[in-house]
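An overview of the molecular structure
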Amino acid sequence: MTATLAPAPPEPDAPPPEEPVARRGLPRWAWALIVIGVWVVVYAFTKGQDTLVLPGREHTDLHDTLTGFRDDVLASRDSNPIIQLTYAVGERFVAVVEWVQTLISVPDFPRPVPQVGWLGVTAVAAWVGLALAGWRIALLVAASFVSFGFFGYWSDAMDLLIVTFVAVAVSVLVGMPLAIWLGTTRNRYVLAAINTTLDILQTMPTFVYLLPIVLFVGIGPSGAVACTLLYSLPPIIRIAGHGIRGVSTTTLEATDSAGQTRWQRLLKVQLPMARRTIVVGLNQTIMAALAMATLAAYVNGPGLGKPVLAALQSRDVGGGFVPGMLIVVMAVMLDRTTTAASEAPEKRIRDGADPKIRRIVLGVTGALALVAVYLSREQIDLARFPENDVRRTVADGVNDLVDWFTDTFGGLTGGFKDVISYGLLNPLESLLAESPWYVVAVAILALSAVLGGVRALLPTVICLAGLWYFDLWHDAMVTLNMTLVGTILVMALALVLGVWMARRPRVDLVLRPVLDAGQTIPPFVYLIPILGLFEATRFTAIVAGVIYAAPVAIKLVADGIKGVSPATLEASRATGSTTWQEITKVQLPMARGSLVLAANQGLLYVLSMAVIGGMVGAGALGYDVVLGFSRSEEWGKGAAAGISIVLLGILIDRICRAAAHRDPVTHDPSKRPWWRAASI
Amino acid sequence: MTAVVDQPEQTGAATTDAALSVRGLWKIFGSGAEKIIGTPDAELSRADLKQKTGCVVGVKDVSFEVAPGEVFVVMGLSGSGKSTLVRCLTRLIEPTAGEVVIDGRDITKAGAGDLRELRRTHTSMVFQHFGLLPHKQVIDNVAFGLEIRGISKKERRARAGEIVDLVGLTGFEQSYPDQLSGGMQQRVGLARALANDPSLLLFDEPFSALDPLIRRDMQNEVIRLHHELGKTMVFITHDLQEALKLGDRILIMRDGEMVQVGAPDEVVAAPADDYVRDFVSDVPRSHVLTLKWVMRDPRPDDSMDGPVMKADTIVRQAAKAALASDHPVRVVDENDRVVGIVDDDAILRVVVAEEEAPA
Ligand SMILES: Nc1ncnc2c1ncn2[C@@H]1O[C@H](COP(=O)(O)OP(=O)(O)OP(=O)(O)O)[C@@H](O)[C@H]1O
Ligand SMILES: [Mg+2]
């Protein structure tokens, strides 16, 4: 009904809309500088005291208590009904995964090969692509599958797909009813509850809940599916729910007025009208699942993540390159297929395609696919991809290339590394990690008050207290430092490229597809090439984080600046401002909300990468977590590190949100590719 | 429009056989709305009530009746409660108090099933922003009401096809709504409403989103359909021209309250208050007023040679003949009894006043 309403005239005596609290006197950034200045002075006198360092393999009583908790849980596996239930669910996952594995990926004893060989699987997959999205996608799918076999990673690729799709299937089964509930409920409390839960999942770096999940369902396929499932659930709920809620109220009213039942309303109006958004949600869910399923290699999940992880651990860039590329191929394939599938039906109808011809084509090609399945069961070469050493050749080639590159440009990359290290990374790290912890805490508190106001104070206090309590203060500060430096680089990049994109449509046209593609790549993969350039140092994690975070931040900045009213811009031009003035005095200030949001997202992305990078030299909290996976006596420390990461994420997020809230500029939160926020 | 339908009674009530009758209808938005009705608070102005209770009055104690076949127009400024009123009629918005009787049934007491049945077979509504289903072709949009009644695809398409022809969309059955212009989309909306063969059609500002030329086309279309099908209509508009053109009677609302109900010429000739007077001040009066409003009582010395005209003749139509003749016009009622005299001066007063008014 509201759609037909003209905005109500403002009440004559209503109070004027709330002005953002303007700080009298000094601007916010000046206060922030003052705080930092004081901090530096205090640091100079107190350096090295009470830094709460906890060296390598030491752990505290608290960590031992956590480890004890883990042991209790494991010991109660036979008696505790909750654990029994979760393990039972986990076993179901394993059963399903293993069954599909014998179908398409591993030998089904006594057969030397799976039930269906590569040719059959490829043919069926291509046929599905054809049915969903047309022949171009079918070709893409076929080529992708062939490349999995050609480069010698058939089983791993199939396993990754299996884990991804088992998790996605459950996500959809669980998520769609919730999405419908979210989309149709009129109960404000339900709405708030679901949204808050999703918000929390959103700021939660998923990497850290690998540990508890593994505790409850075990490692291997069960843990992999469970983590992937949990991680990929929110997008479908939120996006599909949003789509259903967004169905035009006029249309709902019009169809209600025709006397429809609630079921008819849902099935004939709400779901069909939200279809495209729902498919977008599905796309995001699949991409999230793929990202997580790759990372599940940490908990011994099957799939392409395993060779990548192994290569990263042995610093074998070439060895990681091929499976990494295949993950990218898979990501592109899944992304393109789902996107095209969301547009295909309408396109078909609009092009006036004859459904009969379509049916015949699908029938014939389907029969061909079945023939291929049959053949692949009978002939060994069509079942198992013929051996070749492309994989090794490519790996060696890449290693040579990397060697050549580091030999030739080593000075350059080394120089870059040194500049950042000595100019930014080290001084900031000393300040954060070498000051007494209480000084740091007070300084962070003061900064959050200056930047975010009162509403940032409580979360900040809670998070700082939590960090202190979990006994990993020093590691947390080191990770925080990497995150901050990475974010500074991200924002520098985002400002330059974002402004450029916003001012030059042609640049936008070229860059945007690249950024979109970048956003579909699972974070894990970014580590591989960077490892080649910077070796196993914290720098690798930072640069990978910058690259991982850059697409989101750049897009947010570009869109924010583009959103600046052209009228204002024109007015400023009319007063004769230079381009530089135009950017710094009009565009950037007016897009401030987007800039803060970009910084927020940048921070969370870089944080997640700093954690994943723990094992390639980034150390600190990420390393503690990885250690927790591999050594049972370190489990407690790993869990504490995981919680500390969550606390860091919340700390950063809350301060940014509070800061953004104080900015009058509005931004559209629906534009943010939220599923990647704070991921992993 | 008056010419084509049986003229319903101008005011007053045909209580027993009204197609729609509304009695003491209230809608107050906000929590605790029920408690307000019947208390002195209910008499407060809209702004005061909002201030005091936080509730907003949408419709305030509205009563009227619509005869079968009548076109009943509701008009008022934005926010006067027109949309709320029309939605209360089929309980798309739940009324706070009052009765709505359609074809003898009090729908405010109907259960969910009865209400659905009513919406499926008795009433249909046309919306300002069309409210079409973008994923369905025109023909299926039109057939939507039949679809949810469970009528087979073949049958409903056949019926919808006839309606599509009726509203002049032949050839566009297979198109999608976004391939049509606004005017055509609203024809689809109209066809969808007609496909159920309802006895009561509700329109909520159906043509406000269209440009003036198309709007005129669509108004004529409604007149034509009304002529052909003779359905009862409740028509919401904020455009006085449209109201005068279509309405047998007009209800004028302000802040949720009824201000005046009457035939177009009544509203123009005898505005109930300054609000209505303001409203109708721009109307070319000669286009609306009938001789009834300009005649004077006959006197014995009046000439009996002038032309004879009916009391409901529009002044403008009478003007030429009246001015051409040397004798004043004799005005007669339905029984050809002379009820008044209109001389040239009376005609000129209307026509000239209108020419001067804008200056
Ligand atoms: N759901 C609602 N909740 C609260 N107030 C409402 C609601 N719907 C309408 N109102 C208020 O009721 C009043 C009447 O609104 P309504 O939509 O009926 O006006 P209208 O005459 O149709 O106006 P327009 O010509 O702009 O369509 C307005 O003041 C509006 O703000
Ligand atoms: Mg309205």
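Residues numbered from 1 in each chain as written. Chains lettered and ligands numbered in written order. Predicted model: local features only at pLDDT ≥ 70, side-chain atom pairs only at ≥ 80, totals over all residues. Heavy atoms only, no water.

In the annotation of an unreviewed UniProt entry, the entry for chain B reads Glycine/betaine ABC transporter ATP-binding protein, and the organism field reads Nocardioides silvaticus. The Sequence similarities (unreviewed entry) field of the UniProt record for chain B holds the comment "Belongs to the ABC transporter superfamily." (UniProt positions renumbered as here; feature names shortened; annotations may be inferred.)

Chain A goes by ABC transporter permease in an unreviewed UniProt entry, where it is assigned to Nocardioides silvaticus. Its UniProt record gives chain A a comment under Sequence similarities (unreviewed entry), which states: "Belongs to the binding-protein-dependent transport system permease family."

**Here we look at the overall build of chain A**
Secondary structure summary: chain A contains 28 helices and 0 strands in total. Rg of the C-alpha trace for chain A: 27 Å, near the compact-globule value of 26 Å for 680 residues, within the 12% margin. In terms of overall dimensions, chain A has a C-alpha envelope of 80 × 65 × 60 Å along the principal axes. Taken over 680 residues, chain A has a buried fraction of 53%. Considering only contacts within chain A whose residues lie at least 6 apart along the sequence, 82% involve residues at least 24 apart. Total accessible area on chain A is roughly 30,700 Å²; 67% of this is exposed by carbon and sulfur atoms. Chain A carries 52 positive and 50 negative side-chain charges, and their two centres are separated by 9 Å. (Helix = DSSP H or I, 4+ residues; strand = E, 2+ residues; numbered from the N terminus. Rg over C-alpha atoms; globule rule 2.2 N^0.38 Å. Buried < 20%, exposed > 50% of the residue type's maximum accessible area, 1.4 Å probe, protein only. Contact = heavy atoms within 4.5 Å. Areas by Shrake-Rupley, 256 points an atom, 1.4 Å probe, with all protein chains shown as cover. Lys, Arg positive; Asp, Glu negative; His and termini not counted. Charge placed at Lys NZ, Arg CZ, Asp CG, Glu CD.)

**Here's the deal with the interface of chain A and chain B**
The interface is formed by 24 residues belonging to chain A together with 33 residues belonging to chain B. For the chain A and chain B pair, buried surface summed over both sides reaches about 2,300 Å², with 58% attributable to carbon and sulfur atoms. A per-residue breakdown of the area chain A buries against chain B is headed by Ser257(A), Lys268(A) and Arg350(A), which together make up 24% of the total. Applying the counting criterion to the chain A and chain B interface returns 2 salt bridges. (Buried area = accessible area lost by both parts, 1.4 Å probe. Salt bridge = Lys/Arg side-chain N within 4 Å of Asp/Glu carboxyl O.)

**Quick look at the UniProt feature "domain: ABC transmembrane type-1" (unreviewed entry) in chain A**
As recorded in UniProt, the feature "domain: ABC transmembrane type-1" (unreviewed entry) lies at residues 157–338 and 476–656 of chain A. End C-alpha atoms of residues 476–656 of chain A are separated by 19 Å, and the span's content is 86% helix alongside 0% strand.

**Overview of the sheet that holds strand β10 (residues 257–262) of chain B**
Residues and elements named next belong to chain B. Taking strand neighbours across the sheet as the criterion, the 6 strands line up as β6-β7-β8-β3-β9-β10 in an open arrangement whose pairing is mixed. At either margin of the open sheet sits one strand with a lone partner, and together these are β6 (123–126) and β10. Sheet twist, expressed as the average angle between the axes of neighbouring strands with direction ignored, equals 15 degrees. Pairing analysis gives 5 bridges linking strand β3 (residues 71–76) to strand β8 (residues 232–237), with the strands arranged parallel. Each residue of the ladder has a partner; that of Val73, found in β8, is Phe235. (Pairing = 2+ DSSP bridges. Axes fitted to C-alpha atoms, helices over the stretch in contact; angles between N-to-C directions.)

**A short note on the environment of Pro589(A)**
Considering the arrangement of structural elements, one finds Pro589(A) in helix α25 (residues 579–590). Separated by 25 residues in the primary sequence, Pro589(A) and Val564(A) have C-alpha atoms spaced 9.6 Å apart.

**Notes on the UniProt feature "domain: ABC transporter" (unreviewed entry) in chain B**
According to UniProt, the "domain: ABC transporter" (unreviewed entry) feature falls on residues 44–280 of chain B. Across residues 44–280 of chain B, helical content stands at 43% and strand content at 22%; the span's end C-alpha atoms are separated by 27 Å.

**Section: the packing of aromatic side chains**
All names here are of chain A. In this structure the tally under the stated criterion is 11 aromatic pairs over all chains. Relative to Phe148, the ring of Phe145 lies with its centre 5.5 Å away and its plane at 55 degrees, an arrangement referred to as tilted. A residue pair is termed a helical-turn pair when its members lie 3 or 4 positions apart in one helix, as Phe145 and Phe148 do in helix α5 (residues 135–150) at 3 residues. Across the pair, Phe148 and Phe145 agree in class, each one buried. (Phe/Tyr/Trp six-rings, centres within 6.5 Å; stacked < 30°, edge-to-face > 60°.)

**Regarding the side chain of Lys27(B)**
Residues and elements named next belong to chain B. Assignment of secondary structure puts Lys27 in strand β1 (residues 20–29). For the buried Lys27, no salt bridge exists, and the shortest N-O distance to an oppositely charged side chain is 7.0 Å, to Glu34. One polar contact links the side chain of Lys27 to the main-chain carbonyl oxygen of Glu94, over a distance of 2.8 Å. Not counting residues up to four positions away in its chain, the partners in contact with Lys27 are Val56, Val57, Gly58, Val59, Thr84, Cys88, Ile93, Glu94, Pro95 and Thr96. (Polar contact = N/O pair within 3.5 Å; in protein donor to acceptor, adjacent residues only side chain to side chain.)

**What about unusual backbone geometry?**
Residues apart from glycine generally show negative phi values, whereas peptide bonds are mostly found in trans. Notably, Asn300(A) is not glycine yet its phi reads approximately 65 degrees, a positive angle. In this structure, Asp336(B) is a non-glycine residue whose phi angle is positive, near 60 degrees. As for its position among the elements, Asp336(B) is in the loop between β12 (329–332) and β13 (338–342). Note on Asp336(B): relative accessible area 55%, which makes it exposed.

**Observations concerning the nonpolar core**
Membership of the largest hydrophobic core comes to 173 residues, with the highest contact counts inside it found for Phe145(A), Met158(A), Tyr298(A), Leu312(A), Met330(A) and Phe524(A). If you tally residues by element for this core, the top one is helix α23 (residues 538–562) of chain A, at 16 residues. Once residues lying within four places of it in the same chain are set aside, the contact partners of Phe524(A) are Thr294(A), Leu295(A), Tyr298(A), Gly305(A), Val308(A), Leu309(A), Leu312(A) and Ile612(A). Among the nonpolar cores identified, the runner-up in size contains 61 residues, and Phe130(B), Met218(B), Ala243(B) and Val342(B) belong to it. (Core = buried A, V, L, I, M, F, W, Y, C linked by side-chain atoms within 4.5 Å.)

**Notes on the sheet that holds β1(B)**
Pairing between the strands of a sheet is mediated by backbone hydrogen bonds and can be parallel or antiparallel. Residue and element names in this part refer to chain B. Here 4 strands make up an open sheet; going across it, the order is β2-β1-β4-β5 and the pairing antiparallel. Edge positions in the open sheet fall to β2 (56–66) and β5 (105–106), since each of these has one partner strand only. The sheet contact formed by β1 and β2 spans 7 bridges and is antiparallel. What sits directly across from Ser21, in β2, is Glu65. Sheet strands in contact with helix α2 (residues 46–53) are β1 and β2, and its direction is about 135 degrees off that of β2.

**Regarding the state of the cysteines**
By definition, a disulfide is the covalent link that joins the sulfur atoms of two cysteine residues. Residue and element names in this part refer to chain B. In total, this model carries 0 disulfides over all chains according to the counting rule given. There is no disulfide at Cys55, and the cysteine sulfur nearest it, in Cys88, is 15 Å away. With a relative accessible area of 1%, Cys55 lands in the buried category. (Disulfide = S-S within 2.5 Å.)

**Some thoughts on a nonpolar patch on the surface**
All names here are of chain A. A contiguous nonpolar surface patch, about 390 Å² in accessible area, is contributed by Leu26, Trp31, Ile34, Val38 and Val42. Tracing the backbone through its elements, the reader meets Val38 in helix α1 (residues 28–46). Of the residues examined, Val38 reaches a relative accessible area of 49% and is grouped as partly exposed. (Patch = residues over 30% accessible without salt bridge, like charges linked within 9 Å, V, L, I, M, F, W, Y side chains within 5 Å.)

**A short note on the domain arrangement of chain B**
Residues and elements named next belong to chain B. By domain assignment, chain B separates into domain 1 (67–94 + 110–282) and domain 2 (286–356). Using only C-alpha atoms to locate each centre, domain 1 and domain 2 end up separated by 36 Å. Contacts between domain 1 and domain 2 engage 7 residues on the former and 4 residues on the latter. Buried area between domain 1 and domain 2, both sides added, is near 460 Å², and the carbon and sulfur share of it is 82%. Per-residue buried area on domain 1 facing domain 2 is highest for Asp265, Val268 and Ala269; these three make up 69% of the total on that side. Connecting domain 1 to domain 2 are 0 salt bridges. Taken together, the connections running from domain 1 to domain 2 amount to 2 residue pairs in polar contact (both at pLDDT 80 or more). Broken down by element, the side of domain 1 that touches domain 2 gets its largest block of residues, 5 residues, from helix α11 (residues 264–269). (Domains from an automatic or database assignment.)

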